[in-house]
Amino acid sequence: MKLKTRKEMDAAYQWDLSPIFPDQAAWEKAYAAAAQAVDAVGALAGTLGASSAQMKAGLDTIYETLQAVERVYLYASLLKNSDNGDAEYQRMEGMAMNLYVAMSTKCAFVDPEILALPEETLRAYMEDPALVSYRHILEDTNRARAHTLDEQGERLLAMLSDAAGTPDNCFTMLESVDMEFPVIRSEQGEEVRLTHGNYALFRVSADQRVRKEAFEAYHGTFQNYLNTIAALYAGSVKLDDYYTRARGYDSACARALFASNVPLSVYDSLVEAVHGGLGTMKQYLQLRKKVLGLSELNMYDLYCPMVENIDLHLTFEEARELVFAATAPLGEEYHALLQRAFDERWIDVYENKGKTTGAFSCGVYGVHPYVLMNFAGTLEDAFTLAHELGHSMHSYFSDHAQDFANHDYRILVAEVASTVNEVLLTKYLLKTEQDPRRRAYILNHFLEGFRTTVYRQTLFAEFERKAHELYQQGEPLTAEVLNRLYRELNDLYYEGAVNNPLQDVEWARIPHFYTAFYVYQYATGFCSAVAIANRILETGDASDYLKFLATGGSMYPIDELKIAGVDLTSPETVGSALQVFQESLDELKSVLETLD
């Protein structure tokens, strides 16, 4: 079936962007005003260090301008994500990105000027009650003294930021707009054009022929562009390395983690803990192979449910009601916000031609968050809805508790709220479902959450780190090198499964790799979320969790998580989650025995 264009879709299931700007004319006017404000920012150079009062005045102007620029950019970006092929949306997003770059360039003086002050003078300024809103920001700036360049150096790095987005932008246009997948046969033997959206349906098919055909067609298409994608990813790694060397970090990974004040030991202990849990993963793969009755377990056999004939196809409305019920332990205020999200069309629901694949949530300060989905009616889509709304509620609580300068939470905690919702949905389904076959299905889904979010994302994290290390060592990141690296990791993580040659190219379809060292936080977030959800369900008290949601970027993320009862610096957090994986696997084995 051919994908509908954006204009052919039902507007009731599309997001309403009018609260950001009522129309394009309003956006154009706001853009002009923001551009004028950006031009004026440069006049603040040389004034910040004169006194604490001058610093406050300057920072107020800068953040007010940044808020205006961000609003202009997000409106254009959301439009473009709804249809990447629309030339007008491309123009608007390009203009807004240029404005963002201009703002970054104009603000290049800020950190060097602040750090030109003696540390004792800066700390004295920070004690001024008038600067309380900027205290954490100034502390964080001071922490980065060793990695901040002079004004000229910061300006040059800022000027590069637009060009630095080229690998990611090119990958997005190739994957979302230009790339076309072949026609495959559905379970009913009908010819269907493969898309990013329906691939998720075909890979969970009970028919191995369909799974295999979809896997080979999907990955085979990426293989056709493999050298191009390898060059794009290598370019992204080179830019990461450039910024790392320019700012004097030991590694690209260290630079990425420094931004959130996360010690490398958190990354290392995650990998170590997951390696320690590979024995349980091997047990899970053996069970999957046995239950599916396969002589060999292929990589395209990993996503299909182990229990067949479970009709869990959901309408969007049914998925919405599930999410409502599952998140009841989070309280009335949380529920009221969810109701608003549906009533006020915060969510863009269905796939259309040119729409960005996957799903995301985007907070818009002063308005409300927005969610992009490509809903296809599976139980996984209900989990995606819960996941993205978790992001949105995190954004909403932070935006309304914090001023603009402190509203944006760090990446380390970005996946916690989303995954708490997923865990709560799992617990709700297991609590309300009595049928053993359906319980087995849900347990299987929960285990898949562990496999894809803890194990798989840690595999991705290892891939990223090793790829960057290879480049640092002088190894060209060719398609062959990247394929070999990815194969070695799959052999390690999926011992007992057949590592199909086409699986080697899976790295080429992962968009998050263009935001280096992001994905490990899916794993740490999942482990943190398991602990938080269990605590809420055991105590019946979500108040500490809601306080955590409201912290935004006002604290370092490690400290924010402690408010919710999680210490990520302790290896017990990941270890305890992996124990839940083992316990859930044991429970699934017991349930499956009753079905024999």
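Everything numeric in this text was worked out from a predicted model, so none of it was measured. (Residues numbered from 1 in each chain as written. Predicted model: local features only at pLDDT ≥ 70, side-chain atom pairs only at ≥ 80, totals over all residues. Heavy atoms only, no water.)

A. The arrangement of the overall build of the chain in detail. When you go through the chain residue by residue, the secondary structure sums to 24 helices and five strands. Viewed in the frame of its principal axes, the chain has a C-alpha envelope of about 80 × 55 × 50 Å. By residue count, 56% of the 596 residues in the chain fall in the buried class. Taking contacts inside the chain between residues at least 6 apart in sequence as the whole, the part at least 24 apart equals 76%. A total of about 24,500 Å² of accessible surface is found on the chain, and carbon and sulfur atoms cover 50% of it. (Helix = DSSP H or I, 4+ residues; strand = E, 2+ residues; numbered from the N terminus. Buried < 20%, exposed > 50% of the residue type's maximum accessible area, 1.4 Å probe, protein only. Contact = heavy atoms within 4.5 Å. Areas by Shrake-Rupley, 256 points an atom, 1.4 Å probe, with all protein chains shown as cover.)

B. Fine view of the sheet that holds strand 3 (residues 347-348). Strand order in the open sheet made by the three strands is 3-5-4, with mixed pairing throughout. At either margin of the open sheet sits one strand with a lone partner, and together these are strand 3 and strand 4 (360-362). Pairing analysis gives two bridges linking strand 3 to strand 5 (residues 370-372), with the strands arranged parallel. The residue of strand 5 that forms the bridge with Ile-347 is Val-371. The sheet contacts of helix 2 (residues 52-82) involve strand 4 and strand 5, and relative to strand 4 the element is tilted by about 155 degrees. (Pairing = 2+ DSSP bridges. Axes fitted to C-alpha atoms, helices over the stretch in contact; angles between N-to-C directions.)

C. Looking closely at helix 3 (residues 87-106). Compared with an ideal rise of 1.5 Å per residue, which puts 20 residues at 28 Å, helix 3 spans 28 Å between its outermost C-alpha atoms and is within 8% of the ideal. Listing the buried residues of helix 3 in full gives Tyr-89, Met-92, Glu-93, Ala-96, Leu-99, Val-101, Met-103 and Thr-105. Here the buried face of helix 3 lies against helix 1 (24-41), helix 2 and helix 7 (151-164). The N-cap residue of helix 3 is Asp-86: its side-chain oxygen and the backbone nitrogen of Glu-88 are 2.9 Å apart. (Expected span 1.5 Å × (residues − 1). Polar contact = N/O pair within 3.5 Å; in protein donor to acceptor, adjacent residues only side chain to side chain.)

D. The arrangement of the nonpolar core in detail. Counting residues in each nonpolar core, the largest one holds 149 residues, and the members touching the most others are Ile-347, Trp-507 and Tyr-545. If we skip the residues at most four places from it in the chain, Tyr-545 touches Leu-330, Ala-417, Val-420, Ile-532 and Ile-536. Membership of the second largest hydrophobic core comes to 48 residues, among which are Trp-15, Cys-107, Ile-114 and Phe-404. (Core = buried A, V, L, I, M, F, W, Y, C linked by side-chain atoms within 4.5 Å.)

E. Quick look at unusual backbone geometry. Here the phi dihedral of Asn-261 falls at roughly 60 degrees; this positive angle occurs in a residue that is not glycine. Take Asn-261: its relative accessible area is 32%, and that puts it in the partly exposed class.

F. Expanded view of the environment of Trp-15. Relative to the helices and strands, Trp-15 resides in the segment before helix 1. For Trp-15, a relative accessible area of 6% corresponds to the buried category. Trp-15 sits 67 residues away from Ser-82 along the chain, and the two C-alpha atoms are 9.3 Å apart. Apart from the residues within four sequence positions on either side, Trp-15 is in contact with Arg-6, Leu-78, Ser-82, Arg-345, Trp-346, Ile-347, Asp-348, Phe-360, Tyr-370, Val-371 and Leu-372.

G. Representation of the layout of surface pockets in the model. Approximately 480 Å³ is the volume attributed to the second largest pocket. Leu-3, Met-179, Glu-180, Thr-195 and Lys-353 are, among the 22 residues lining the second largest pocket, the residues nearest its centre. No other element matches helix 8 (residues 166-178), which puts four residues into the lining of the second largest pocket. Across the lining of the second largest pocket, the residue classes break down as six nonpolar, seven polar and nine charged. (1 Å grid on protein atoms, 1.4 Å probe; cavity = no way out; pocket = protein on both sides within 12 Å on 5 of 7 lines; lining within 4 Å. Points joined across faces, edges and corners; volume = space filled by probe spheres on them. Nonpolar A, V, L, I, M, F, W, Y, C, P; charged D, E, K, R; others polar.)

H. Examining the environment of Tyr-428 more closely. Position of Tyr-428 among the secondary structure elements: in helix 18 (residues 416-432). Taking relative accessible area as the criterion, Tyr-428 reaches 27% and is therefore assigned partly exposed. Remark: the alpha-carbon pair of Tyr-428 and Ala-326, spanning 102 residues in sequence, is separated by 5.4 Å.

I. A look at the environment of Ser-554. Structurally, Ser-554 can be placed in the loop between helix 22 (543-549) and helix 23 (557-563). With relative accessibility at 24%, the residue Ser-554 sits in the partly exposed group. Sequence-wise, Ser-554 and His-468 are 86 residues apart; in three dimensions their C-alpha atoms are separated by 31 Å.

J. Inspection of the side chain of Ser-528 at higher detail. Relative to the helices and strands, Ser-528 resides in helix 21 (residues 520-539). A distance of 2.9 Å separates the side chain of Ser-528 from the backbone oxygen of Thr-524, its partner in a polar contact. Excluding residues that lie within four positions of it along the chain, Ser-528 makes contacts with Val-416, Leu-561, Val-566, Leu-568 and Thr-573.

K. Spotlight on the packing of aromatic side chains. Scanning the entire structure with this criterion turns up 41 aromatic pairs. Between Phe-181 and Phe-222 the ring centres are 6.1 Å apart and the planes differ by 45 degrees, which places this aromatic pair in the tilted class. Remark: Phe-222 occurs in helix 10 (residues 208-224) and Phe-181 occurs in the loop between helix 8 and strand 1 (183-185); sequence separation between them is 41 residues. Taken individually, Phe-181 and Phe-222 each receive the classification buried, so the pair is uniform in this respect. Ring geometry for Tyr-233 and Tyr-514: centres 6.0 Å apart, planes at 85 degrees, overall edge-to-face. Here Tyr-514 lies in the loop between helix 20 (479-493) and helix 21 and Tyr-233 lies in helix 11 (residues 226-247), a separation of 281 residues in the sequence. (Phe/Tyr/Trp six-rings, centres within 6.5 Å; stacked < 30°, edge-to-face > 60°.)

L. How the structure looks around empty space enclosed by the protein. As enumerated under the stated definition, the model contains two cavities of 30 Å³ or more in all. Its boundaries defined by the atoms lining it, the largest cavity holds a volume of some 150 Å³. Of all the elements in the fold, those that place two or more residues in the lining of the largest cavity are helix 10, helix 19 (436-472) and helix 20. For the lining of the largest cavity, the leading source of residues is helix 19, giving four residues. Grouping the constituent residues of the lining of the largest cavity by class yields ten nonpolar, three polar and six charged. Space inside the second largest cavity adds up to approximately 30 Å³. Along the walls of the second largest cavity sit Phe-171, Ile-229, Tyr-233, Trp-507, Ala-508, Arg-509, Ile-510, Phe-513 and Tyr-514, which together make up its complete lining.

M. Spatial organisation of the pattern of salt bridges. Inspection of the entire model under this criterion finds 31 salt bridges. As a salt-bridge pair, Arg-143 and Asp-140 come within 2.9 Å of each other at their nearest N and O atoms. Residue Arg-143 and its partner Asp-140 are both found in helix 6 (residues 135-143); the two are separated by three residues, about one turn of the helix. For Asp-140, a relative accessible area of 17% gives the class buried. The salt bridge involving Glu-587 is made with Arg-439; its shortest N-O contact spans 3.0 Å. (Salt bridge = Lys/Arg side-chain N within 4 Å of Asp/Glu carboxyl O.)

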